[in-house]
Amino acid sequence: MKERTLVLIKPDGVKRRLIGKILSMYEEKDLEIIQLKIVDPDLNLIDFHYKEHITKPYFKDLERYFLEGPICSIIIEGEDAIQQVRNINGKTDPKEAAMGTIRYMYGESKTRNLVHASDCKESAEREIKIWF
Ligand code: CDP
Ligand code: MG
């Protein structure tokens, strides 16, 4: 089924000039970039986006990471886009991510893993509203 999902290229991805490489990995799987922008989110927006993680031990590191610089927010559309994009990104921890995934190739750690993608239809709808 055709659906939409939200992707964020985290600050290190933008800083390391990886936007083009990352986008081409989605496009190669026949996914379509519907909207795209560079944003410099404040802490409120970051906390709202990651509200389910606020009590987690890694949350402060995650906040600091997201404040390092601009991020790239993207709406992607395609068949089974939510799962497809998560497959292309790879597992949260780059050490566990499958070969060829974005996190395997470019991720530095469980926190600094370069990309975010919505995990279900409800999250996608919620997150698209936050960033667009
Ligand atoms: O991004 P994903 O859905 O794969 O993972 P998550 O469990 O929803 O966690 C959200 C983000 O928090 C991750 O992408 C990491 O940047 C960070 N995180 C972390 O720093 N340490 C963990 N143990 C788990 C997540
Ligand atoms: Mg998640």
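Source: prediction; values computed, not measured. (Residues numbered from 1 in each chain as written. Chains lettered and ligands numbered in written order. Predicted model: local features only at pLDDT ≥ 70, side-chain atom pairs only at ≥ 80, totals over all residues. Heavy atoms only, no water.)

1. Here's the deal with the pattern of salt bridges
A full pass over the atoms with the stated rule returns 9 salt bridges. Here K121 ties to E3 by a salt bridge, and the two come within 3.4 Å at their closest N and O atoms. Here the residue K121 occupies a position in helix α7 (residues 121-131), and E3 occupies one in strand β1 (residues 2-9), the gap between them amounting to 118 residues. Accessibility expressed as a relative area gives 36% for K121, which makes it partly exposed. Across the salt bridge formed by R112 and E108, the nearest N and O atoms sit 3.0 Å from each other. Among the residues examined, R112 registers a relative accessible area of 23% and is labelled partly exposed. (Salt bridge = Lys/Arg side-chain N within 4 Å of Asp/Glu carboxyl O. Helix = DSSP H or I, 4+ residues; strand = E, 2+ residues; numbered from the N terminus. Buried < 20%, exposed > 50% of the residue type's maximum accessible area, 1.4 Å probe, protein only.)

2. Looking at the layout of surface pockets
In this model, the largest pocket occupies a volume close to 620 Å³. If you go around the largest pocket, you meet 24 residues; those closest to its centre are Y50, H53, T92, R103 and H116. Sorting the residues of the lining of the largest pocket by element identifies α5 (81-89), β4 (115-117) and α7 as the ones contributing at least two each. For the lining of the largest pocket, the class distribution of residues is 5 nonpolar, 10 polar and 9 charged. (1 Å grid on protein atoms, 1.4 Å probe; cavity = no way out; pocket = protein on both sides within 12 Å on 5 of 7 lines; lining within 4 Å. Points joined across faces, edges and corners; volume = space filled by probe spheres on them. Nonpolar A, V, L, I, M, F, W, Y, C, P; charged D, E, K, R; others polar.)

3. What to know about the UniProt feature "domain: Nucleoside diphosphate kinase-like" (unreviewed entry) in the protein
Residues annotated by UniProt as "domain: Nucleoside diphosphate kinase-like" (unreviewed entry) correspond here to residues 2-132. Helix makes up 42% of residues 2-132 and strand makes up 21%, while its end C-alpha atoms are separated by 20 Å. (UniProt positions renumbered as here; feature names shortened; annotations may be inferred.)

4. Quick word on the sheet that holds strand β3 (residues 71-79)
What the 4 strands build is an open sheet, ordered β2-β3-β1-β4; its pairing is antiparallel. Each edge of the open sheet carries a strand with a single partner, namely β2 (32-39) and β4. Across the sheet, the mean angle separating the axes of adjacent strands is 20 degrees when strand polarity is ignored. Pairing geometry for β2 and β3, over 7 bridges, is antiparallel. When the sheet's bridge partners are listed, E32 is paired in β3 with E77. (Pairing = 2+ DSSP bridges. Axes fitted to C-alpha atoms, helices over the stretch in contact; angles between N-to-C directions.)

5. What to know about the site of ligand 1
By nearness alone, every residue bordering ligand 1 is listed as K10, Y50, H53, Y58, L62, R86, T92, R103, K110, T111 and N113. Here T111 contributes a side-chain N or O atom positioned 2.5 Å from an oxygen atom of ligand 1. For ligand 1, whose unbound accessible area comes to 500 Å², protein coverage reaches 82%. Spatially, ligand 1 is embedded in the largest pocket. (Near = heavy atom within 4 Å. Polar contact = N/O pair within 3.5 Å; in protein donor to acceptor, adjacent residues only side chain to side chain. Areas by Shrake-Rupley, 256 points an atom, 1.4 Å probe, with all protein chains shown as cover. Sits in = over half its atoms within 2 Å of the grid points.)

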